[in-house]
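# What the coordinates show
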Amino acid sequence: MTPPASKTAPRAKSGILDIQAYVPGKSKAADPTLVPVKLSSNENILGCSPAALAVYQAGADHLNRYPDSTNADLRQAIADRYRLEPERLVFGCGSDEIFALLNQVYLEPGDNIVMGQYGFTAYAIGARACQAQVRYADEPQLRTHVDNMLALVDERTRIVFFANPSNPTGTIIDDAEVARLHAGLPGDVILVIDGAYAEFCTERGFSDGLDLARTAGNIVVTRTFSKLHGLEGLRVGWGYCPEPVAAAVDRIRLPFNVNIPAQEAAIAALADQDFQERSLQLVQTWRPWLIQQLGGIGLEVIPSHANFVLVAFPQAPDRRTAAAAEAYLAERGWLVRGLKNYGLPDHLRVTIGLEQHMRAVAEALAAFMKG
Ligand SMILES: Cc1ncc(COP(=O)(O)O)c(C=O)c1O
């Protein structure tokens with residue numbers, strides 16, 4: 001007997017097809033003859049540590065081997081560097097995977113997560129995949145707002161996510177505010193402090209959350225090798241969790257989720273202080289420069305603590321729009337990030353690049369604004 005037509009095709013779980021897939025930064029120009037400079041994904045423009053690259057290339061000799069599923073050497077290297085208990089670390093294919101794993105471990109259908117209005121979209125995608133709801137806290141002045149977050153927490157809230165510094169805004173909240181957010185949460189709600197950009201912030205009163213997490217039973221701090229270390233393509237992230245959280249995540253992760261060259265290159269990258277210093281120096285030099293230049297041509301630039309800046313375009317009726325600026329830059333080979341899908345259609349995000357990139361982008365935007 002032929003089954004009814006509606007039963008012949010696989011059907012995604014309820015809610016899956018309502019999820020908007022993650023939109024990455026553009027990497028290609030419309031003109032195929034143009035080799036663009038990509039300033040749209042907050043990548044490290046300097047590349048990566050030469051030592052990490054050498055180790056990665058040597059890793060090609062053992063592609064027939066499974067990786068160490070416990071990440072023992074990388075685990076020890078991170079534990080030593082940050083003075084953490086090795087057994088409290090978890091590893092992922094980027095920190096993205098750690099968000100997804102936490103969602104899978106803690107969310108039942110009908111539970112919810114709380115995150116900021118402009119928060120990183122990966123948190124929400126993973127939560128929705130678990131048939132949980134996403135509650136967005138308003139972010140006045142484009143900053144994480146502790147009271148707005150706490151006001152959304154209810155008995156079905158399992159996880160509160162925020163990045164510090166935040167993406168795409170680049171803003172931070174200080175240690176006292178982070179502590180207040182944590183203190184306002186019930187002990188069974190996990191607070192995820194996403195530190196993807198933590199190394200770029202040197203502001204007094206800011207820290208990466210690891211110290212607070214040491215003694216808390218419900219804080220997870222995530223970090224990545226994708227930004228300061230320039231290993232975006234290798235996909236290595238880690239999380240510092242309370243031990244029971246780490247043990248639960250470990251039960252469901254894929255057994256070999258960080259590959260051999262990635263583990264080895266991450267260890268080498270962590271040891272390469274010179275590359276880290278150069279990467280930081282570049283951002284610390286050209287971030288304030290770009291902010292000042294763009295301010296001088298009538299654009300508002302949100303004070304950023306990460307390796308990018310968020311630029312606000314004027315809202316007057318006959319204005320020059322962010323979308324037109326994005327297209328104008330792309331035609332000239334400069335790819336920046338439009339933020340319509342973050343609810344910021346009047347903003348563009350620009351990753352800090354080399355001196356010549358920053359000068360050229362500032363010049364192009366000045367010409368664009370003049371019309
Ligand atoms: C705030 C934030 N968290 C996490 C990530 C993901 O990093 P990873 O490459 O480790 O998955 C990004 C990447 O852009 C990010 O902006």
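These figures come from a predicted structure and were not determined experimentally.

What the domain assignment lists for the protein chain is domain 1 (5–47 + 274–370) and domain 2 (50–272). Computed from C-alpha atoms alone, the centre-to-centre distance between domain 1 and domain 2 is 23 Å. At the junction of the two partners, domain 1 supplies 30 residues and domain 2 supplies 26 residues. Put simply, the parts of the chain that give the side of domain 1 that touches domain 2 at least two residues each are helix 10 (273–295), strand 10 (308–312) and strand 13 (344–351). Among the elements that make up the side of domain 1 that touches domain 2, the one with the highest residue count is helix 10 (six residues). Split by residue class, the side of domain 1 that touches domain 2 holds 15 nonpolar, eleven polar and four charged.

Strand order in this open sheet of four strands is 9-10-13-12, and the pairing throughout is antiparallel. Two strands bound the open sheet, and with one partner strand each, they are strand 9 (300–302) and strand 12 (337–339). Neighbour to neighbour, the strand axes of the sheet diverge by 30° on average, direction disregarded. For strand 12 and strand 13, the ladder comprises three bridges, and the chain directions are antiparallel. For L339, the partnering residue across the bridge sits in strand 13 and is L344. Where helix 10 meets the sheet, it contacts strand 9, strand 10 and strand 13, and its direction lies at approximately 10° from that of strand 10. Against the sheet, helix 11 (residues 322–331) engages strand 12 and strand 13, with an angle of about 35° to strand 13.

It is worth spelling out the sheet that holds strand 3 (residues 112–116) at this point. Across the sheet, seven strands lie side by side as 2-8-7-6-5-3-4; this open sheet has mixed pairing. Strand pairing shows two members of the sheet lacking a second neighbour, strand 2 (89–93) and strand 4 (133–137), which therefore form its edges. Strand after strand, the sheet turns through a mean of 25° between neighbouring axes, direction not considered.

The next thing to look at is the site of the ligand. Taken together, 13 residues sit near the ligand, with G94, D96, N167, T224 and S226 positioned nearest. The element best represented in the shell around the ligand is helix 3 (residues 94–106), accounting for three residues. Within the shell around the ligand, the residues separate by chemical class into three nonpolar, seven polar and three charged.

With that settled, the discussion passes to unusual backbone geometry. Here the amide bond leading from N164 into P165 is cis, since omega sits at -5°, within 30 degrees of zero. Position of P165 among the secondary structure elements: in the loop between strand 5 (157–163) and helix 6 (175–183). The peptide bond linking N167 to P168 adopts the cis configuration, its omega dihedral lying at 10°. Relative to the elements of secondary structure, P168 occurs in the loop between strand 5 and helix 6. Even without being a glycine, N71 presents a positive backbone phi close to 55°.

Turning to the nonpolar core, a few remarks are in order. A general trend in soluble globular proteins is that nonpolar side chains are found buried together. If you look at the biggest cluster of nonpolar residues, it comprises 97 residues, and the most contacted ones within it are L102 and A266. Sort the elements by how many residues they give to this core and helix 9 (residues 260–271) lands first, with seven residues. Taken together, domain 1 (5–47 + 274–370) and domain 2 (50–272) each give at least three residues to this core, which thus spans both. Excluding residues that lie within four positions of it along the chain, A266 makes contacts with L74, F225, L231 and V236.

This part is about the packing of helix 1 (residues 50–58) against helix 9. If you want to describe how two helices pack, look at the angle between their axes and the distance between the axes. Contact pair helix 1 / helix 9: the axes reach a minimum separation of 8 Å and the direction vectors enclose 160°. In this view, helix 1 runs roughly antiparallel relative to helix 9, as classed from their interaxial angle. Crossing handedness for the pair helix 1 and helix 9: right-handed. Here helix 1 contributes A51, A52, V55 and Y56 to the contact with helix 9, which in turn contributes P261, E264, A265, A268, A269 and A271. For the contact of helix 1 with helix 9, the class distribution of residues is nine nonpolar, no polar and one charged.

Along strand 5, seven of the seven residues are buried, which leaves the element largely enclosed by surrounding structure. Sheet topology note: the strand 3/strand 5 ladder contains three bridges and is parallel. Bridge pairing in strand 5 places V114 opposite V160. Strand direction decides the pairing type here: strand 5 and strand 6 (residues 190–194), joined by five bridges, are parallel. Each bridged residue has a counterpart across the sheet, and for A163 the counterpart in strand 6 is D194.

Criteria and cut-off values
- Residues numbered from 1 in each chain as written.
- Predicted model: local features only at pLDDT ≥ 70, side-chain atom pairs only at ≥ 80, totals over all residues.
- Domains from an automatic or database assignment.
- Contact = placed C-beta atoms within 7 Å.
- Helix = DSSP H or I, 4+ residues; strand = E, 2+ residues; numbered from the N terminus.
- Nonpolar A, V, L, I, M, F, W, Y, C, P; charged D, E, K, R; others polar.
- Pairing = 2+ DSSP bridges.
- Axes fitted to C-alpha atoms, helices over the stretch in contact; angles between N-to-C directions.
- Near = placed C-beta within 6 Å.
- Core = buried A, V, L, I, M, F, W, Y, C linked by C-beta atoms within 7 Å.
- Buried ≥ 20, exposed ≤ 12 C-beta atoms within 10 Å, placed from the backbone.
- Parallel < 35°, antiparallel > 145°, perpendicular 65-115°, else oblique.
- Left-handed = near helix turned anticlockwise from the far one by under 90°.

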